[in-house]
Every structure is written in C-alpha cells, then in structure tokens.
Amino acid sequence: MSLMPFAPSRPLSIGVELELQLLGCNDYNLAPSAPEILRRVAKRTHPGEIKPEMTRSMIEINTSVQQEYAGLVTELRALRDVVSEAGCFLNVAVAGGGTHPFQHWSEQKIFDAPRFHYLSELYGYLAKQFTIFGQHVHIGCPGPDEALHLMHMLSRYIPHFIALSASSPFVQGHDTGFASARLNSVFSFPLSGRAPFVLRWNDFEKFFAKMTGTGVVESMKDFYWDIRPKPEFGTIEVRVCDTPLTVEIAASIACYIQAMSRYIMVEQRMAPEEDDYLVYTFNRFQACRFGLEGVFIDPRTHQQRSIREDIMEMLEHISDHARELHAVEAMERIREILIVGNGTSWQRRAYASEHNLADVMQLQAELWMGN
Amino acid sequence: MTWSDYLPAWPLQISPALWLALTLVVAVLLGEAMVRHLRLPRIVGYIGIGVVLGPGGLGFIPQLPVNEWRLVVDLALGILLFELGSKVNLRWLKANPWLAGTSLLEAITTFAVVFSVLVWVNVTSTAAAIVATIAIATSPAIIVRTVTESRAQGQVTDRLLLMTALNTIYAVIFHKLAVAVMHGQAGTSFVHTIFAPLYLLGGSALLAWLFGITFERIHHHLGQHEETFSFILFGMIAFATIMASTLRLSPILVLLAAGLITRYQRKHTRTFPPHFGSAGAVLVVLMFIANGLAADLRGLRDGFLLVLLLIVVRIIAKLLAVLPLATHSGIGWRQAISLGIALVPMSSVALLLTMDTAIDFPEFAFGLGMVLMNWIVILELAGPVLVQVALRRAGETPEKKT
C-alpha cells in the first residue's frame, strides 16, 4: 500500500482527539463500559466524533476541524457533556488524566473490533498495557513539504507539550516519580520515537515505500511517532500529550501548539537540522521525568534552563501570533499552568490530602465532568 | 493419678461443632476443586457439602442447634447485605429512571406469575401471596459472593446488584404486609394487623438510619486506616443484626438499608476487603454450609412437579420482565438476557422469610413451606452457576481465569 497523497487543509486549522477513562462509580477502577456509552451517545446529536479505543474502558472524542480557541473549547465542552450525560445514565464516571492510577493491565478487555484484536494479537500484553490516555493535536499545513518542516521544527518543543499536559504520575498503584509515566508505555512499542529526518514529501514517500517493502508497516497508523504527518487530513499530529484533567486545558495546549506553529511558519523561518535531534531524547526524558522542572538543552545554543523558563520565553515570542489567532485566553491558561502546576502536581496534591488513589480518581472524574 | 485423669473417655464425646469444623475444611477443599476442575463457583461446593453431609443427606452431621446457626446465618447475611447496599448507588435511579421501571416490572411480574400458579393449584390467595412475595427476592448472598469471586464488572453486574437490593426490599416489605393480612384473617385485631408491619418497617428504617450516621462519624475519624475500620464495621454489623433481632425488627431490611444509606451519603470512595476481612469471609462460608445443612429435600418427591413449575415460571417471569425496557435503559438484548438469568438465585433471604412465616403459622411449614424449601435448595445450588455463566456471557468477568 502506498502513501496517500497529502490532502489540502486550511493552514493552522486545529483538531483535537482525547482518549478518556471510563470508571465504575463504586471503586473508581476502569470499567469496561465503552460499548454501552457509545450506544447511548449514538442516539444524541453532538459535534465531532465519539469512537471506541483499544480496550473497553476507554473512548475517544474527536473535534471537527476548528480555527481558534473559542470554537474548539465550545466543541470540546459539548462533547464532554454528551459523554458525561451518557456516563451518569450508565453509572459510569468519565475522567481525563494520562494513566489510571491503579488499574491492572491484565484485567483490561479488548474492544470488539478487528483492528483492536489484530493489535492485541501482535503486541500481546503491550496492547493492554496501552490502556493509557493521550491527547492528539492536529495542525493543518498548507502542503506536504511545509508539514515536514513544521514537524521537525516542533520536535524541538516536544518537552513543552509533555510538561504542560503531564497528568500520569501514578501507575499500578504507585507514584512512579515521573510527571508523565504514560509515555514510558508508548516507548516500548517498536515503531515509537521520532520520524526520520527527511524534509521533502517525495523523500518521505520513498522512506514509507521502503518500510512497507520490508513488511514492517502497512500504513501510517503503524508508526507510533511523537509527531507524525497525517496525509489524509493534510495535517501533522502531535501525539505526546497526556489527556489533561479538563477540556479547557486540552484546548489551551492545542492552541499553544497552534500559535507556536504560526510563529514557526510565519516568523521563525529557520531550517531544521538533523543535529537538532541530538538532544531530543534527553530533553524528552527530562520532561517525562520532571515535568516543568525538567532541564531543557537548546539544540543550537546548548544553553541549559528549565522547561518552565523555556515555555515562558516561548509565550513571549508567540504572543502576537496568539492574538492573531484569538488565543489570548488559551495563553493565559498556559501561564497559569506554569504557576500552579500541571495535572501531575494536581494529582499529587490530591493524593497527599486524600491518601487514597480511588479518591483521587473520584475527584479527577468530578473535575473532568464539571460538577 | 489414674488413666482416666488425663486420657479422654472412650468412646469420645464429639461435639457437633467438631463436625462443623471438619466440614468447613472439606467444604473449602471441595470449593477449590469446583473452581479448578469444573470451573464452577466455590459456593456450589459449600452448599453442596452441607446438603450431602447434613441431616437431609447422608446424615454425617446431626441437626445443628437452631439458635447457634441462626446467629451465624444472620451475621453472615448481615455482612453480605451491608456489602450489597454499599455497592449500590441509588442516585443512578434518578439519572436513569428506566432502571426503576425495570425493577418494578420485574418484581410485579414475578409476584403475579407465582401467585397465579399457586392459586391455580388451589392454594389460598393469602398463602399464595406470602410465597409470591418471597419469590420476588433474588438472593443477595449468592449475588454478592459470586460477583466478588468472579471479579465481575460492568453494566450487567451493576444492574444485577441494584435490582437485587431493590427486589429484596420489596420482598421483605410485601412479605410483612402479606403476613399481616394473614394474621388479620386468623382473627388478630385490626390494630395489631396494622401496627405490626408499621413497627417493623419504621423501626428497621430508624435503626438503619442510626447505623448510617454513626458509620459516617466513625469513618470520618478512622477512614484512612482501612483495616482498623473494617474491624469496627464488622462489630457494627454484628451489633445492628443482633439489635434488629432483639427489637424484633427485620435484620435483612436494617442491614441492606444501612448499606444503601452509607453509600448514598458518602463523599469519598471506600474500598473494603471482601466481606470486611477474613472473619467475615469465614462466616460467609459457614453460612452457605449451614444453608446446605438446613436443606430438606424430603418433600421433593410429592411436590416435585409443582416446584419445577414454579422454578420455570419464575425464571421466565424474571427473564421476560427485564427485556422490554432494556434498550431504553441503555443495555442490549444479550446483556438483558444475562441480567434476567442472573436474577434467578434464591437463598438465605428467602429461607429466613420462609422460616419466619413458619414460626407464625406452623401449618405453613408442612405445606407450602416445604415446597419453598425445596425450591430454595435447588436455586441455591443452581443459582451461583447461572450467575457465573450469565456474567461470563455478558463479558464482564476477566478474560483469563487465574
């Protein structure tokens, strides 16, 4: 199968996908209720899409193509409300967050669809370990070469997105010490990591053809890269974020990426270099492990500072672009995260006061469902 | 000093308790064998061993003193009822009124069908009503135990717990009313006919409410120490159960309502070990053995056809009654069928209600009481299997059994 042609899309349009946790209302463990939730929401009119995911205790909400923060957040709220209503109707709580703090992977049930069964066969327990919840952000690109350019330039800022969205400190009943432990599960997939350093779409097509030729992959879906092009949408897809604890934060992070993309396309005009990737895994690890406190090494200047400081500086650079995109409110929220902390610090605070991960999950679900 | 000072007298004086202890060991071993080789629920083994070894079977274990085993059954049932109540979220009924509809429909259909069959075989309508109210209840003991054991989770499980709690409440309330009517017919004065059920229901509700607020207070201070708290809870359950019997209230209603109230009021999640610790778990196992021991299948030869008919119509009633509102309430046909099947078990609650009736009306014990006893024994043995199969077919048990 060859790669699809890169579809046209409106530059800087945005779309958000959020994977959500479905929880039982007694113990706040994951509950395999996706089929019932999906059946229920199918009867409601709602914007965007609500879809099944790998295991039966997750669902995914997708927005339609949006241009700016206001529309995006309105649509995400509408989707959240539809899913929350279905949850109440079925005694199921819905929550954000990148991992479930105490679920056991072996108890997860694969959603009954051919692709999920295939993946489950292929990856074995990894598929169930993959009961993790991420936010994917699509950014519209004027053309395929521009998409590859944007992808490589955004790679430098992957730690920003990880640190801002991080909300998965707890795994299998314990504090891992990581801000985003979710990404550790992604890294165990053979085709995770970053896209190859190619800047022309026809080179990318050659790479893809070689990969399919080896029989390792069949489609773009088989690559679990941090950022990957999505030719059928005409977008690049940033996949490193944990699902944040509220839709407002999810929308703000999406708009932060959007504003940064505008800055890269319109103002920065720097060519990506392969050596930018020398610090890539180090920076990414720092973000996963320490969140906003992580060390960030600038690939060009080799200067070291905290991720928080780097985001602070970026907010200065992109403020005009954010204004242009009507994303001022989103930038305020980003600034707020730098001050009060990300989802992970909220979860750790909740655990410190409740002493019980089930209570943390209950609060997390209440926060998400907005009551 | 002589031999007899320190050697036991021969033949040995063996207390029934020793047999019971030995039965516990054998029953648990049998339960394990059931799980490993036959993939059947453990409680079938517990009840089965009681049936086989008890006075109604091979007679290895003599009739137990009624008061002692009644205490074990009351306590264990108290634990299971409280556990059931604390797993049921009454707010769900508000969010999904179709559930309340399903529950009422299921109870009414069960009552109507059992009542009609009994009237058809020439049972007096009051006695038929008493039996029909007992038939409404799904066994909380079997449901809680099987759900815990199979680690089931999902819509069918949640609904099963909710509907079992509700139909147990209906059964107790309407049973008391039917008994009051029977008393009225037997010539009890009108004041007592009215006041007896009022006292029982009102008093039980009050005791449950007191339990609920005390629970909340203590949990507020001790909630973090899960184990310590479950010891206290154990004591509270025992206290409430015995208190309810002492005041001649309904321990079933008190403990179930107490569980529901604490769940309704709770602000924090609570996870307790199953049956609130190992002492509770042992009591639960003993209760199932005791239920088996109490089984008396002697009347089965005469009443076999009637028992079979009643079992079949009750299953059909429960099954058909959950179907019409299933899709409105948000589950599919397949799940609804599983739910209907899982509502079939009868056990301790029905047994206690039958025995209470028999105490009031001795003639009941020999006629319909016998039919009910046989009916209960059969559904006690078959019930756990039905629940397990239903939950497995609904896809709510873990995929690989460990």
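Residues numbered from 1 in each chain as written. Chains lettered and ligands numbered in written order. Predicted model: local features only at pLDDT ≥ 70, side-chain atom pairs only at ≥ 80, totals over all residues. Heavy atoms only, no water.

1. Quick notes on the overall build of chain B
Then step 1. Counting its secondary structure elements, chain B contains 18 helices and 0 strands.
Then step 2. The C-alpha radius of gyration computed for chain B amounts to 21 Å, which stays within 12% of the reference 21 Å derived for 402 residues, consistent with globular compactness.
Then step 3. When its C-alpha atoms are laid out on the principal axes, chain B stretches across 80 × 55 × 50 Å.
Then step 4. Relative to its 402 residues, chain B shows a buried fraction of 54%.
Then step 5. For chain B, the proportion of contacts with a sequence separation of at least 24, taken over those separated by at least 6, is 82%.
Then step 6. Carbon and sulfur atoms provide 70% of the accessible area of chain B, an area that totals close to 17900 Å².
Then step 7. For chain B, the distance from the average site of its 26 positive side-chain charges to the average site of its 19 negative ones is 10 Å. (Helix = DSSP H or I, 4+ residues; strand = E, 2+ residues; numbered from the N terminus. Rg over C-alpha atoms; globule rule 2.2 N^0.38 Å. Buried < 20%, exposed > 50% of the residue type's maximum accessible area, 1.4 Å probe, protein only. Contact = heavy atoms within 4.5 Å. Areas by Shrake-Rupley, 256 points an atom, 1.4 Å probe, with all protein chains shown as cover. Lys, Arg positive; Asp, Glu negative; His and termini not counted. Charge placed at Lys NZ, Arg CZ, Asp CG, Glu CD.)

2. Quick notes on empty space enclosed by the protein
Residue and element names in this part refer to chain A.
Then step 1. In total, this model carries 7 cavities of 30 Å³ or more according to the counting rule given.
Then step 2. Put simply, the largest cavity is a space of about 80 Å³.
Then step 3. Lining the largest cavity are His152, Ser155, Arg156, Ile158, Pro159, Asp276, Tyr277, Val279, Tyr280, Asn283, Arg284 and Pro299.
Then step 4. Mapped by element, the contributors of at least two residues to the lining of the largest cavity are α5 (144–155), α6 (158–165) and α10 (280–290).
Then step 5. Broken down by element, the residue count for the lining of the largest cavity peaks at 3 residues, all from α10. (1 Å grid on protein atoms, 1.4 Å probe; cavity = no way out; pocket = protein on both sides within 12 Å on 5 of 7 lines; lining within 4 Å. Points joined across faces, edges and corners; volume = space filled by probe spheres on them.)

3. Examining the packing of helix α13 (residues 343–354) of chain A against helix α14 (residues 357–369) of chain A
All names here are of chain A.
Then step 1. The N-to-C vectors of α13 and α14 enclose an angle of 130°; their axes lie 9 Å apart at closest approach. The orientation of α13 relative to α14 falls into the category oblique. Between α13 and α14 lies a crossing whose hand is right-handed. Two secondary-structure elements touch here, α13 through Trp346, Gln347, Ala350, Tyr351 and Glu354 and α14 through Leu357, Asp359, Val360, Leu363, Gln364 and Leu367.
Then step 2. Residues that form the contact of α13 with α14 fall into these classes: 7 nonpolar, 2 polar and 2 charged. (Axes fitted to C-alpha atoms, helices over the stretch in contact; angles between N-to-C directions. Parallel < 35°, antiparallel > 145°, perpendicular 65-115°, else oblique. Left-handed = near helix turned anticlockwise from the far one by under 90°. Nonpolar A, V, L, I, M, F, W, Y, C, P; charged D, E, K, R; others polar.)

4. Notes on the interface of chain B and chain A
Then step 1. If you look at the interface, chain B gives 32 residues, while chain A gives 30 residues.
Then step 2. Both sides of the chain B and chain A interface together cover about 2200 Å² of buried area, and 37% of this is carbon and sulfur.
Then step 3. At the junction of chain B and chain A, the tally comes to 0 salt bridges.
Then step 4. Along the contact surface separating chain B from chain A lie 12 residue pairs in polar contact (both at pLDDT 80 or more). (Buried area = accessible area lost by both parts, 1.4 Å probe. Salt bridge = Lys/Arg side-chain N within 4 Å of Asp/Glu carboxyl O. Polar contact = N/O pair within 3.5 Å; in protein donor to acceptor, adjacent residues only side chain to side chain.)

5. Some words on the pattern of salt bridges
Residues and elements named next belong to chain A.
Then step 1. One pass over the full model with this rule turns up 31 salt bridges over all chains.
Then step 2. The closest approach of N and O atoms between Arg156 and Asp310, which form a salt bridge, is 3.8 Å. Placement of Arg156 in the loop between α5 and α6 and of Asp310 in helix α11 (residues 307–324) is noted, with a sequence separation of 154 residues between them.
Then step 3. For Asp310, a relative accessible area of 4% gives the class buried.
Then step 4. Between Glu273 and Arg300 there is a salt bridge; the shortest N-O distance is 3.9 Å. Of the two residues, Glu273 is situated in the loop between α9 (247–268) and α10 and Arg300 in the loop between β12 (295–297) and β13 (304–306); the sequence distance between them amounts to 27 residues.
Then step 5. Bridged by salt links that share partners, the residues Arg156, Asp298, Arg305, Asp310 and Glu313 form one connected network.

6. Here's the deal with unusual backbone geometry
Then step 1. For Tyr28(A), which is not glycine, the phi torsion reads 60° and is therefore positive.
Then step 2. Notably, Asn91(A) is not glycine yet its phi reads approximately 60°, a positive angle.

7. What about the side chain of His160(A)?
All names here are of chain A.
Then step 1. Checked against the element boundaries, His160 lands in helix α6.
Then step 2. We classify His160 as buried; its relative accessible area is 0%.
Then step 3. A distance of 2.9 Å separates a polar atom in the side chain of His160 from a polar atom in the side chain of Tyr256.
Then step 4. Ignoring anything within four residues of it in the chain, the contact list for His160 reads Tyr256, Met260, Ile307, Asp310, Ile311 and Met314.

8. A short note on the environment of Gly234(A)
All names here are of chain A.
Then step 1. Tracing the sequence through the fold places Gly234 in the loop between β10 (227–230) and β11 (235–242).
Then step 2. In this structure the C-alpha to C-alpha distance between Gly234 and Leu199, which are 35 residues apart in sequence, comes to 16 Å.
Then step 3. In this structure, Gly234 is in contact with Phe6, Ala7, Ser9, Ile139, Gly140 and Cys141, ignoring residues within four places of it in sequence.

9. Re the pairing of strand β4 (residues 92–95) of chain A
All names here are of chain A.
Then step 1. The alternating pattern of β4 places Val92 and Val94 and Ala93 and Ala95 on opposite faces, both of which are buried.
Then step 2. In this structure, strand β1 (residues 14–24) lies alongside β4, joined through 4 bridges in antiparallel fashion. Residue pairing for β4: Gly24 is matched across the bridge by Val92. (Pairing = 2+ DSSP bridges.)

10. Structural notes on the confidence of the model for chain B
Then step 1. The pLDDT averaged across chain B works out to 87; a share of 98% of its residues lies at or above 70.
Then step 2. Predicted confidence in chain B is weakest over helix α17 (residues 362–366) of chain B, with a mean pLDDT of 78, and strongest over helix α6 (residues 97–120) of chain B, with 96. (pLDDT = per-residue confidence, 0-100.)

11. Here we look at the packing of aromatic side chains
Then step 1. Counting across every chain of the model gives 18 aromatic pairs over all chains.
Then step 2. Seen in terms of ring centroids, Trp201(A) and Phe204(A) are 5.1 Å apart; in terms of plane orientation they differ by 25°. Their pairing is stacked. Residue Trp201(A) and its partner Phe204(A) are both found in helix α8 (residues 201–214); the two are separated by 3 residues, about one turn of the helix.
Then step 3. When the centroid spacing of 6.4 Å and the interplanar angle of 35° are considered together, the rings of Trp3(B) and Tyr6(B) count as tilted. Residue Trp3(B) and its partner Tyr6(B) are located together in helix α1 (residues 3–6), separated by 3 residues, close to a single helical turn. For the residue pair Trp3(B) and Tyr6(B), the accessibility class agrees, reading exposed in each case.
Then step 4. These aromatic residues form a ring-pair network of at least three members: Phe6(A), Trp201(A), Phe204(A), Phe207(A), Phe208(A), Phe223(A) and Trp225(A). (Phe/Tyr/Trp six-rings, centres within 6.5 Å; stacked < 30°, edge-to-face > 60°.)

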